[in-house]
Amino acid sequence: MTFAWVALAVWLLGGLAGYFYLYRHAHPHPVWLLAGLVLGPFSLLVFMDRAERTSHVLVEQPAADSSGMKVVVGLDGSPESRHALSVAEQLVADRACCLVLCAVVDYDAEDDPSGAGVAAAKERLVQAAVSMPEHRVSVEVVAGRPAQALAEVAEQQDADLIVVGTRGGGLSRRLLGSVAEGLLAISQRPVLVTHQGA
């Protein structure tokens, strides 16, 4: 009887490990948790194959004139990202710059037949762009892991700077990591991390 409980615990922990792996690779949908619990330790093998390695541009609305300095701004709808946009606006002020507003959605949003996640991200970016008529603004919605996707967009756009907000600390940051921290580690471009309290 004890062996059965140990085997069940190992099976479930293997499934949770598989789900955590997939969650960290931008597949947070709860159906993957159920699949992980059913597949147990075999979920790692299946999920490693499912995890995407690169980001995909889903929506792209380039600025009419994108010459000059380019600044990529990561926007997720949070107050911290809106603050990052405000800082980016102040930085470019009267310079000949193009702001590239970028929202990153998870891979599961890309596969969603309703397209609600992608549409919401696009609408958020378009509203931000419309509120800045004095700037040249392009919009991109990308599916992927946030830090990696922002770094890839910056490389593709040949950006001079990436601006992102940070939410600070806490348990979730220690467990799941921080987009800003990840971006600082992998980006080949300068990164400005803003904090709302600063």
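Draft legend 1. Here's a closer look at the pairing of strand S4 (residues 136–143). Of all eight residues in S4, seven are buried; the element is thus mostly enclosed. Summarising the sheet, strand S1 (residues 56–61) and S4 pair through five bridges and their orientation is antiparallel. Bridging from a neighbouring strand, Val57 pairs with Val142 of S4. Where strand S3 (residues 97–105) lies against S4, eight bridges are found, and the strand directions are parallel.

Draft legend 2. Focus on the pattern of salt bridges. Counted by the stated rule, this structure contains two salt bridges. Notably, a salt bridge pairs Glu155 with Arg189, separated by 3.0 Å at the nearest N-O pair. Residue Glu155 is found in helix H7 (residues 146–157), and its partner Arg189 is found in the loop between helix H9 (179–186) and strand S6 (191–194); the two are separated by 34 residues along the sequence. Exposure remark for Glu155: the relative accessible area of 37% places this residue in the partly exposed category. A salt bridge links Arg189 to Asp158; the shortest N-O distance between them is 2.9 Å. Here Arg189, found in the loop between H9 and S6, pairs with Asp158, found in the loop between H7 and strand S5 (161–165); they are 31 residues apart in sequence, far enough to count as distant.

Draft legend 3. Structural context of the nonpolar core. Grouped together as the largest cluster of nonpolar side chains are 28 residues, with contacts concentrated most on Val71, Val73, Leu99 and Leu101. Secondary structure elements with two or more residues in this core: strand S2 (69–74), helix H4 (79–92), S3, helix H5 (107–111), helix H6 (116–130), S4 and S5. Discounting residues that sit within four places of it in the chain, Leu101 has contacts with Val73, Leu75, Leu85, Leu125, Ala128, Ala129, Met132, Val137, Ser138, Val139 and Glu140. Formed by 16 residues, the second largest nonpolar core is a distinct cluster that contains Val72, Val142, Val153 and Ala180.

Draft legend 4. The environment of Asp106, seen in detail. Of note, Asp106 is situated in the loop between S3 and H5. The sequence separation of Asp106 and His83 amounts to 23 residues, and the corresponding C-alpha distance is 22 Å. With near-sequence residues (within four places) excluded, Asp106 lies in contact with Ala26, Pro28, Ala143 and Gly144. Within the structure, the side chain of Asp106 is placed 3.0 Å from the backbone nitrogen of Asp108, a separation counted as a polar contact. Of the polar contacts made by the side chain of Asp106, one reaches the backbone nitrogen of Ala109; its length is 2.8 Å.

Draft legend 5. Just H6, in detail. Taking 1.5 Å of rise per residue, the 15 residues of H6 would be expected to cover 21 Å, and the 21 Å separating its terminal C-alpha atoms lies within 8% of that figure. In this structure, the buried side of H6 is in contact with S1, H4, S3, H5 and S4.

Draft legend 6. Representation of the pairing of S5 in the model. When you tally the buried positions in S5, you get four out of five residues, the bulk of the element. Examined bridge by bridge, S2 and S5 share three bridges and lie parallel to one another. Its bridge partner being in S5, Val73 is matched across the sheet by Val163. Strand direction decides the pairing type here: S5 and S6, joined by four bridges, are parallel. Bridging across to S6, Val164 finds its partner in Val193.

Each value, and the rule that gives it
Residues numbered from 1 in each chain as written. Predicted model: local features only at pLDDT ≥ 70, side-chain atom pairs only at ≥ 80, totals over all residues. Heavy atoms only, no water. Buried < 20%, exposed > 50% of the residue type's maximum accessible area, 1.4 Å probe, protein only. Helix = DSSP H or I, 4+ residues; strand = E, 2+ residues; numbered from the N terminus. Pairing = 2+ DSSP bridges. Salt bridge = Lys/Arg side-chain N within 4 Å of Asp/Glu carboxyl O. Core = buried A, V, L, I, M, F, W, Y, C linked by side-chain atoms within 4.5 Å. Contact = heavy atoms within 4.5 Å. Polar contact = N/O pair within 3.5 Å; in protein donor to acceptor, adjacent residues only side chain to side chain. Expected span 1.5 Å × (residues − 1).

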